[in-house]
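This is what each chain is made of:
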Amino acid sequence: MMKHSASFRRVLVLVYGTVVVFALLITGIYTVVSPQIFAGNKIDDLIPKGQIIAGYIESTLRGELSSAYLVPLIGRSTSQWEATVWVVDENGDTLIRTQQIDGRRVGRLPAKLSSSMLPQVLSGEVATHIGSMEDLSTTSISRYRKSGSTNSAMSGLTADSSKSAETSDSTEEEMNGKLVVVAVPITFMGDVIGAVFMAQSMTEIMDGMQALNNTLALSLLVVALLLLPVVLFFASRMAKPIANMRAVALTMAGGDLTARADDHSSDEYGELGRALNYLSSELGSTISSLEMERNRLQSLINGLSEGIIAVDAQGSVTLLNPAVYGLLSLSDSTADVRAAAPDVFAMFSEALRSGNIVKKTIWQGDIALHISVSPLCLPGEEITGCVGIVSDVTSAERLEQTRRDYVANVSHELRTPLTAMRALMEPLRDGLVKTEEQRQQIYDVVLRETMRLSRLVNDMLELSRLQSGTASLQRSVFAPLPLLNIIHETYSAYAEDYQQTFIYDVPESLPDVTGNPDRTQQVLIALLDNAFKYTPEGGTVTLSAAVEGDVVRICVRDTGVGISKEDLPHVFDRFYKVDKSHHGKGTGLGLAIAYEIMKHLGEEMSVTSELNQGSCFTFTLHIAKSSGFPSKIA
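The structure presented is a predicted model; accordingly, all values stated were derived computationally and were not measured. (Residues numbered from 1 in each chain as written. Predicted model: local features only at pLDDT ≥ 70, side-chain atom pairs only at ≥ 80, totals over all residues. Heavy atoms only, no water.)

**Things to note about the overall build of the chain**
What counts, and what does not: Note on conventions: DSSP H or I runs of at least 4 residues are helices, E runs of at least 2 residues are strands, and numbering of each starts at the N terminus. Here the term buried applies to any residue with accessible area under 20% of the maximum for its type, exposed to any over 50%, and partly exposed to those in between, with areas from a 1.4 Å probe on protein chains only. Here, residues are in contact when the closest pair of their heavy atoms is within 4.5 Å. We get accessible surface area from the Shrake-Rupley algorithm with a probe of 1.4 Å; when it comes to residues, only the shown protein chains can shield them.
Secondary structure summary: the chain contains 15 helices and 20 strands in total. Within the span of the chain, comprising 634 residues, buried residues form 38% of the whole. In the chain, of all internal contacts separated by at least 6 residues, the share reaching a separation of at least 24 is 64%. Per element, the accessible surface of the chain, about 35500 Å² overall, is 56% carbon and sulfur.

**A word on the sheet that holds strand β17 (residues 551–558)**
Applicable threshold: Two strands qualify as a pair provided that DSSP identifies no fewer than 2 bridges between them. Simply put, an axis is a line fit to the C-alpha atoms, just over the touching stretch for a helix, and the angle between two N-to-C directions goes from 0 to 180 degrees.
Ordered by their spatial adjacency, five strands build an open sheet running β14-β16-β17-β19-β18, and the pairing between neighbours is mixed. Two strands bound the open sheet, and with one partner strand each, they are β14 (501–505) and β18 (605–610). Strand-to-strand twist across the sheet, computed as the mean angle between neighbouring axes with direction ignored, equals 15°. Together, β14, β16 (540–548) and β17 form the strand contacts of helix α13 (residues 480–497), whose direction differs from that of β14 by roughly 165°. Each of β14, β16, β17, β18 and β19 (614–622) is contacted by helix α14 (residues 517–533), which is oriented at about 175° to β19, the strand it contacts most.

**Some remarks on the environment of Glu548**
Heads up, the condition is: N or O atoms closer than or at 3.5 Å make up a polar contact, with two conditions inside protein: a donor-capable atom paired with an acceptor-capable one, and, for residues adjacent in sequence, both atoms drawn from side chains.
Here Glu548 lies in strand β16. In this structure the C-alpha to C-alpha distance between Glu548 and Ile623, which are 75 residues apart in sequence, comes to 9.7 Å. Polar contacts involving the side chain of Glu548 include one to the side chain of Arg553, which spans 2.7 Å.

**A short note on unusual backbone geometry**
Of note, the phi angle at Met189 is positive, near 60°, even though the residue is not glycine. Residue class for Met189 comes out exposed when judged on its relative accessible area of 73%. A positive phi angle is found at Asn612, which is not glycine, with a value near 65°. Following the sequence through the fold, Asn612 ends up in the loop between β18 and β19. Classification of Asn612 by relative accessible area gives exposed; the value is 58%.

**With respect to the state of the cysteines**
Basically, it comes down to this: Cysteine sulfurs are considered disulfide-paired once they come within 2.5 Å of each other.
In this structure the tally under the stated criterion is one disulfide. Two residues share a disulfide in this structure: Cys555 and Cys616, whose sulfurs sit 2.5 Å from each other. Separated by 61 residues along the polypeptide, Cys555 in strand β17 and Cys616 in strand β19 bring together distant segments of the chain. Free cysteine: Cys377, not disulfide-bonded; nearest cysteine sulfur from Cys386 at 9.0 Å.

**Regarding helix α7 (residues 268–303)**
Formally: The span you would expect from a helix comes to 1.5 Å times its residue count less one.
Between its first and last C-alpha atoms α7 spans 52 Å; for 36 residues at 1.5 Å apiece the expected length is 52 Å, and the two agree. Turning to α7, its buried residues number three or more, namely Gly270, Gly273, Leu276, Asn277, Ser280, Gly284 and Ile301.

**Section: the nonpolar core**
Our working rule: Residues belong to a common nonpolar core when they are buried Ala, Val, Leu, Ile, Met, Phe, Trp, Tyr or Cys residues joined through side-chain atoms within 4.5 Å.
Judged by nonpolar contacts, the single largest core of 39 residues is most densely connected at Ile554 and Phe619. Elements that contribute at least two residues to this core include exactly α13, α14, β16, β17, α15 (590–600), β18 and β19. When residues in this core are grouped by element, the largest group, seven residues, is from α14. Dropping the residues within four chain positions of it, Ile554 is found in contact with Leu484, Leu524, Leu543, Ser544, Ala545, Phe617, Thr618, Phe619 and Leu621. Among the nonpolar cores identified, the runner-up in size contains 23 residues, and Trp81, Leu95, Ile186 and Phe188 belong to it.

**Concerning the packing of α13 against α14**
Which entries qualify depends on this criterion: Should an angle fall under 35 degrees it is called roughly parallel, over 145 degrees roughly antiparallel, and 65 to 115 degrees roughly perpendicular, with every other angle called oblique. Crossings are sorted by hand: turned counterclockwise from the far helix by less than a right angle, the near helix makes the crossing left-handed, and turned clockwise it makes it right-handed. Any residue that is not Ala, Val, Leu, Ile, Met, Phe, Trp, Tyr, Cys, Pro, Asp, Glu, Lys or Arg is counted as polar, Gly included; the first ten are nonpolar and the last four charged.
Between α13 and α14, whose axes approach to 11 Å, the crossing angle comes to 25°. Judged by the inter-axis angle, α13 sits roughly parallel to α14. When the axes of α13 and α14 are compared, the crossing they make is right-handed. When α13 is examined against α14, the residues Leu483, Leu484, Ile487, Tyr491, Tyr494 and Ala495 are found in contact with a partner set consisting of Pro517, Thr520, Gln521, Leu524, Ile525, Leu528, Asp529 and Phe532. When grouped by side-chain class, the residues that make up the contact of α13 with α14 number eleven nonpolar, two polar and one charged.

**Some thoughts on the pairing of strand β11 (residues 367–377)**
Bridge count between strand β10 (residues 358–364) and β11: seven bridges; the pairing is antiparallel. By the bridge assignment for β11, Val358 is matched with Val373. Relative to strand β12 (residues 383–392), β11 runs antiparallel, the two sharing nine bridges. In the strand pairing of β12, Ser374 is matched with Val387.

This is how it looks when you write it as structure tokens:
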């Protein structure tokens, strides 16, 4: 009961209030209507009594009844007929009346009653009136008045006029207020010769009804008390399903959409329960779909390589996907992400303040991050937050930097020989070179620089074809040992000229390999040229080969200047030179071309080096599993 007290009280007040209002309405209607009903009943009761008195008058006039008996018959008190009685003639003069009203003498008939009701009675009709005398309309009765003061037929009934005059005012006072008045005609020999007036105050009538009113009030009270248990019972029955549905609704609001209301009844409560259960079922399906979409979206966001950051209108972080931690070099246990990446979140503050999209590229160590922050707002409303996308654009930035470096390097490599040739050609044009020997020297230099330009252009075209995949590389089975021997013979003389030691560490027998012998020789030449260029006099260059598993690993090692750790990842980039001061030792494309050749042949090339200790370049050649199967690799 306590659990359902609120709904129970409401139903109880509704039902019991209806009963109380019903009782009050009955009482009110009864109070208004009952006086009229009782007055009508009183009129129905007084008319026969008036007719009896009129009969007494007629009998007296016919000589059947002595006039001495009229006063006792009419009575000395109003209690005899339960009304005040006046017998009047056709002129309205009072002939006989009851003698007392509560011990006081009754005066003559009030003039308003006589003037308003007597004309109707003299016409032979019974006249009635309910209400105060002020409600009566006064009508002249002069046309009914005859010569003489009293009709001869009624003269014997005339009472002492002096007594009537003495008490004429008392009746007016007694007749104030609402009345019930009946006037009955007195006929004699077919003519109306007077009237019997009977009047009773409404107060007297209602006093007689008081017992009935008390009984009615007591009955209503008893009925209200008797209905209280019934109302309590039905209120409890009505409140129970409402309380049950309220509990189900609260359970649904708490997240449990499996709760169901009792919907077995066929009344409105059953319909409401079925509607609530349908709502719960539809909400469950909708929320399940939303959760599925949310999980799918969460998985998608978590799987993105780009970082997603969302903040609310106050700048508090509401969403971070795992990629953010890696891109911003944060640990998963970082509590205050805003403090750990102030530059990034400064962009969010600016977007919240300005309401515009903020884009910026920042560097986090060696990583370039492009951050785009967009404010979130509905049309015509304030900004509700921001969403930022963090992208790793290191590759794009490096590619752009490589492009710029490539253009700069090409320009530099082309400018050097062109400048030299221009410096030599201008004296020739101006006739400043006088001897044939000088002209031949100039021709030699121009030829050498032209060949250098030709090699540069050829190397650039070669690298471009390799990187674009348009270069055609034929693979075949060949023996690597004769190729290595030729390379050894060629560079042995080269090492002697430059006072360097060339060590040839190749086994006497090597298995056949698959690849392109010409391209392999080109790679070896590029590696050895590079080794001898950057190895000082007295240094050592070693060419070695060994079988490792299913490959022959060839290594070119030197004791030259070496490569620093910062330069090592860029050794195979085009135009890259470790020793920037020796720009004349090559185009900077040899290692890049060698790397691209090996990659297109499906082989591996790597480098290890220490600064001032030398370098070791290694590439592989896969051992042939069968003899000759030439194939073309684009």
